[in-house]
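Each chain is listed here by its residues.
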Amino acid sequence: MGRVNLDAPTALAWLRAFAGLVDERAGELTDLDRPIGDSDHGVNLQRGMHAVVAAFDQETPETAGAVLTRAGSTLVSTVGGASGPLFGTLLRRAGKALDGGDLASALRAGLDGVVKLGGAQVGDATLVDALTPAVEALEAGRSLSEAAEAAARGAASTEPLVARKGRASYLGERGVGHRDPGAESVALLFTALAGAGA
Amino acid sequence: MTAAAKLLDDPANAVTDALRGLAAVHPELSVDLEHHVVARGDERRPGKVGLVSGGGSGHEPLHAGFVGLGMLDAAACGAVFTSPVPDQVLAATRAASSGAGVVHVVKNYTGDVLNFQMAAELADDEGIEVETVLVDDDVAVTDSLYTAGRRGTGGTLFVEKVLGAAAEKGLPLAEVAALGRDVVSRSRSFGVALSPCTTPGSDQPGFDLPPGEMELGIGIHGEPGRRRVPVPATGVAREVARTSVAAIDEDLPLAHQDLLLLVNGMGGTPLLELQVLAADVVDELSARGARVARALVGNHVTSLEMAGAMVSVCTTTPELLELWDAPVRTPALRWGA
């Protein structure tokens, strides 16, 4: 399978599907956050994605890039915490890089933005651990569902790690054995992308 | 486990409703219910550096309760335990700006750092110069290049009070910010929880703490601490005082220092217990050769209804003491004015 291009209807379907998954799994995401953070990740992301869907209902962006940029800006303006800036930057940067380019390089730009902002590397037990393998899979020309599987494996890989960034890092060794909720949300983002089937 | 009832009308509107209450009883404040920004209602003085802080709600009276003469010009109140978004911080920055620049006092939590950083960039686009003072006083967590670093906790109060006085005196932006970094470098905190807290709308506490155990090294967001130990059969306050002061002293030697002391309740501990703890903390400090120059005891930097306490100290100089003693008139802290 070759590289994937994203059109506006698919981008909209993707983010609406992600909003649906976040709705379904908000409780679970918050439960993941409870032992290592402050038990609000699911609630916060849900608030943000409701705002994204409301923004799309009000006015449909015309290009896939504008869909992602709009979603990213809305997340930054509604979520707060670390998730707002990080998920917002991921989608905003990807959206700005998307038009004229393919999805893999757009998401690479998003990943670079997240790394620059948060300073986390693979192995720090953050969303970067799920995002990096998913982006690499797309860059290698793998399918969307293979990218989603890579993201899910990346999220699971945070469990045995000592977190070095974010609130979980304050727990040191006590955080071991817990999956990072941000990484799990990134896995949902790629599950939604595979489902929207670009 | 079912959480205890909370005195709310609608958990989803807890922050808005609390700010409506603040506005209702403090007409001298200007409360923006759209952005959840609390600002001084009096005329902005040209040439005065603006002082802005903020963070998640649930830590009352921090930060909105410290808005007023001699302290903050504006505070941005996020959702419970969630940092405000850049739009909110920008609104607070605008409210505090009188052309001489604005200092952001930011607690070192990833979310606070990122949202304030984004807001500072937006403010810069509007021609408002922003300096950031990052508070990272909590000795319970280790600091290294590879972690998010120490948390900002009780020491935030020292920074906000001292910088408020400095800004009121007319110090320029760079000097206020430099003073803030100096106060941070002199401030250390250590917290202990006896019971966890439950965020509004949630049916479970942030962490499980069985009776008979206490969490050492807690943060201020209902997140668990570094270590859990049995509560001693007697002398609980003495044990908390000993542990907290020892952890601080190990990081910042306290012998021969004159200190600002904050014995801070986490929201669910009565003043009677905090005063018992204060007595033990002062004993511990004296035994280590430190002198308490000024002290505050009470609920200032809280975590909803969490039981427990945090000990914060700041080593002082005569200049810092003068700024600490300067008049302050806010909902939660007032003297000399």
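Quick notes on the rules
- Residues numbered from 1 in each chain as written.
- Chains lettered and ligands numbered in written order.
- Predicted model: local features only at pLDDT ≥ 70, side-chain atom pairs only at ≥ 80, totals over all residues.
- Heavy atoms only, no water.
- Helix = DSSP H or I, 4+ residues; strand = E, 2+ residues; numbered from the N terminus.
- Rg over C-alpha atoms; globule rule 2.2 N^0.38 Å.
- Buried < 20%, exposed > 50% of the residue type's maximum accessible area, 1.4 Å probe, protein only.
- Areas by Shrake-Rupley, 256 points an atom, 1.4 Å probe, with all protein chains shown as cover.
- Lys, Arg positive; Asp, Glu negative; His and termini not counted.
- Charge placed at Lys NZ, Arg CZ, Asp CG, Glu CD.
- Expected span 1.5 Å × (residues − 1).
- Contact = heavy atoms within 4.5 Å.
- Polar contact = N/O pair within 3.5 Å; in protein donor to acceptor, adjacent residues only side chain to side chain.
- 1 Å grid on protein atoms, 1.4 Å probe; cavity = no way out; pocket = protein on both sides within 12 Å on 5 of 7 lines; lining within 4 Å.
- Points joined across faces, edges and corners; volume = space filled by probe spheres on them.
- Nonpolar A, V, L, I, M, F, W, Y, C, P; charged D, E, K, R; others polar.
- Patch = residues over 30% accessible without salt bridge, like charges linked within 9 Å, V, L, I, M, F, W, Y side chains within 5 Å.
- Salt bridge = Lys/Arg side-chain N within 4 Å of Asp/Glu carboxyl O.
- Domains from an automatic or database assignment.
- Buried area = accessible area lost by both parts, 1.4 Å probe.
- Core = buried A, V, L, I, M, F, W, Y, C linked by side-chain atoms within 4.5 Å.
- Pairing = 2+ DSSP bridges.
- Axes fitted to C-alpha atoms, helices over the stretch in contact; angles between N-to-C directions.
- Phe/Tyr/Trp six-rings, centres within 6.5 Å; stacked < 30°, edge-to-face > 60°.
- Lys NZ or Arg CZ within 6 Å of the ring centre and 35° of its normal.

In the nomenclature of an unreviewed UniProt entry, chain B is known as Dihydroxyacetone kinase-like protein of Kineococcus aurantiacus.

K.L.:
Outline the overall build of chain B, listing residues and values.
P.N.:
Across its full length, chain B holds 8 helices and 14 strands. Relative to the 2.2 N^0.38 estimate, which gives 20 Å for 337 residues, the radius of gyration of chain B is 19 Å and therefore close to what a compact globule would have. Projected onto its principal axes, the C-alpha positions of chain B cover 55 × 50 × 40 Å. Buried residues in chain B amount to 58% of all 337 residues. Carbon and sulfur atoms make up 53% of the accessible area of chain B, which amounts to about 13000 Å² in all. Taken as two groups, the 25 positive and 44 negative side-chain charges of chain B have centres that lie 5 Å from each other.

K.L.:
Summarise helix H8 (residues 181–196) of chain A; cite the residues concerned and give the values.
P.N.:
All names here are of chain A. The terminal C-alpha atoms of H8 lie 23 Å apart, and with 16 residues this matches the ideal 22 Å at 1.5 Å per residue to within 8%. Buried within H8 are the following residues: Pro181, Gly182, Ala183, Glu184, Ser185, Val186, Ala187, Leu188, Leu189, Phe190, Ala192 and Leu193. As for H8, its buried residues are in contact with helix H1 (8–33), helix H2 (41–58), helix H4 (83–98), helix H5 (103–118), helix H6 (128–139) and helix H7 (144–156). Sitting at the amino-terminal end of H8 is Asp180, which places a side-chain oxygen 3.1 Å from the backbone nitrogen of Gly182. Positive phi shows up at Gly197, right after H8, with a value of about 60°.

K.L.:
I'd like to hear about empty space enclosed by the protein, residue by residue, with values.
P.N.:
Residues and elements named next belong to chain A. Counted according to the given criterion, the structure contains 3 cavities of 30 Å³ or more. Of the volumes computed, that of the largest cavity is approximately 50 Å³. Lining the largest cavity, in full, are Ile36, Ala125, Thr158, Leu161, Ala163, Ala168, Gly175, His178 and Asp180. For the lining of the largest cavity, a count of residues per class yields 5 nonpolar, 3 polar and 1 charged.

K.L.:
Break down a negative patch on the surface for me, citing the residues and quoting the values.
P.N.:
A surface patch of negative charge is lined by Glu121, Asp124, Asp125 and Glu129 of chain B. With respect to the element layout, Asp125 of chain B can be found in helix H3 (residues 110–125).

K.L.:
Go over unusual backbone geometry with me, naming the residues and quoting the values.
P.N.:
All names here are of chain B. For the peptide bond that leads from Glu60 to Pro61, omega is 5°, which places it in the cis range. Its place among the elements puts Pro61 in the loop between strand S3 (50–57) and strand S4 (74–80). Note the cis peptide between Leu62 and His63, where omega equals -5°. One non-glycine residue, Phe81, lies in positive phi territory at about 60°. Its identity as a non-glycine residue notwithstanding, Leu304 has a phi of 50°, on the positive side. A residue is classified by how much of its surface remains accessible, and Leu304, at 21% relative accessible area, is partly exposed.

K.L.:
Which residues make up the domain arrangement of chain B, and what values go with them?
P.N.:
Residue and element names in this part refer to chain B. If you check the domain split of chain B, you get domain 1 (14–185) and domain 2 (188–324). When each unit is reduced to the centre of its C-alpha atoms, the spacing between domain 1 and domain 2 is 23 Å. Residue-level contacts link 35 residues of domain 1 with 35 residues of domain 2. With both chains or domains summed, domain 1 and domain 2 bury close to 2800 Å², and 66% of this area falls on carbon and sulfur atoms. Broken down residue by residue, the surface that domain 1 buries against domain 2 is led by Phe81, Val139 and Phe158, which jointly contribute 23%. In this structure, Asp251 engages Arg150 in a salt bridge whose closest nitrogen and oxygen atoms are separated by 2.5 Å. Linking domain 1 to domain 2 there are 15 residue pairs in polar contact (both at pLDDT 80 or more). Of all elements in the fold, only helix H4 (155–168) and helix H5 (173–186) reach the threshold of two or more residues within the side of domain 1 that touches domain 2. Among the elements that make up the side of domain 1 that touches domain 2, the one with the highest residue count is H4 (7 residues).

K.L.:
Break down a positive patch on the surface for me, with residues and values.
P.N.:
Residues and elements named next belong to chain A. A surface patch of like charges, here positive, comprises Arg92, Arg93, Lys96 and Lys116. No other element matches H4, which puts 3 residues into the positive patch. Mapping Lys116 onto the fold places it in helix H5. Exposure remark for Lys116: the relative accessible area of 70% places this residue in the exposed category.

K.L.:
Describe the nonpolar core, listing the residues and the values that go with them.
P.N.:
Among the nonpolar cores identified, the biggest contains 61 residues, and Val38, Val103, Phe158, Val159 and Leu163 of chain B are the most heavily contacted of them. Considering each element in turn, this core owes the most residues, 8 residues, to H4 of chain B. Both domains that meet at this core, namely domain 1 (14–185) and domain 2 (188–324) of chain B, each give it at least three residues. The residues touching Val38 of chain B, leaving out its near neighbours within four places in the chain, are Leu19, Leu22, Leu29, Ser30, Val31, Ala64, Val67, Asp73, Ala74, Ala75 and Cys77 of chain B. By size, the runner-up hydrophobic cluster in this structure holds 60 residues, among which are Ala19, Leu45, Ala64 and Phe87 of chain A.

K.L.:
Report on H2 of chain A, specifying residues and quantitative values.
P.N.:
The terminal C-alpha atoms of H2 of chain A lie 26 Å apart, and with 18 residues this matches the ideal 26 Å at 1.5 Å per residue to within 8%. On its buried side, H2 of chain A packs onto H1, helix H3 (64–78), H4 and H8 of chain A.

K.L.:
How would you explain the pairing of strand S2 (residues 37–40) of chain B if you had to name every residue and give the values?
P.N.:
Residue and element names in this part refer to chain B. Alignment of strand S1 (residues 29–32) against S2, held across 4 bridges, turns out to be antiparallel. The residue bridging Asp32 from the neighbouring strand is Val37, located in S2. Hairpin connection, S1 to S2: the antiparallel pair is bridged by 4 residues, and His36 has positive phi, about 55°. Examined bridge by bridge, S2 and S4 share 3 bridges and lie antiparallel to one another. What sits directly across from Val38, in S4, is Ala75.

K.L.:
Describe the sheet that holds S3 of chain B, naming the residues involved and giving the relevant values.
P.N.:
Residues and elements named next belong to chain B. Here we have 6 strands laid out as an open sheet, ordered S1-S2-S4-S3-S5-S6, and mixed in their pairing. This sheet does not close on itself; its edge strands, each paired only once, are S1 and strand S6 (130–135). In this sheet, adjacent strand axes meet at a mean angle of 20° when their direction is disregarded. Sitting on the sheet, helix H2 (residues 86–96) touches S2, S3, S4, strand S5 (102–107) and S6, and the angle it makes with S4 is about 165°.

K.L.:
Can you explain the packing of aromatic side chains? Please cite residues and give values.
P.N.:
Across all of its chains, the model carries 3 aromatic pairs over all chains by this definition. Measuring from centroid to centroid gives 5.5 Å for Trp324 of chain B and Trp335 of chain B, while their planes differ by 50°, and the two rings are tilted. A residue pair is termed long-range when its members are at least 10 positions apart, and Trp324 of chain B in helix H8 (residues 318–325) and Trp335 of chain B in strand S14 (residues 334–335) qualify at 11 residues. Accessibility expressed as a relative area gives 24% for Trp335 of chain B, which makes it partly exposed. One aromatic cluster in this structure is built from Phe158, Trp324 and Trp335 of chain B. Arg151 of chain B extends its terminal NZ or CZ atom over the ring of Tyr170 of chain A, reaching a point 5.1 Å from the ring centre.

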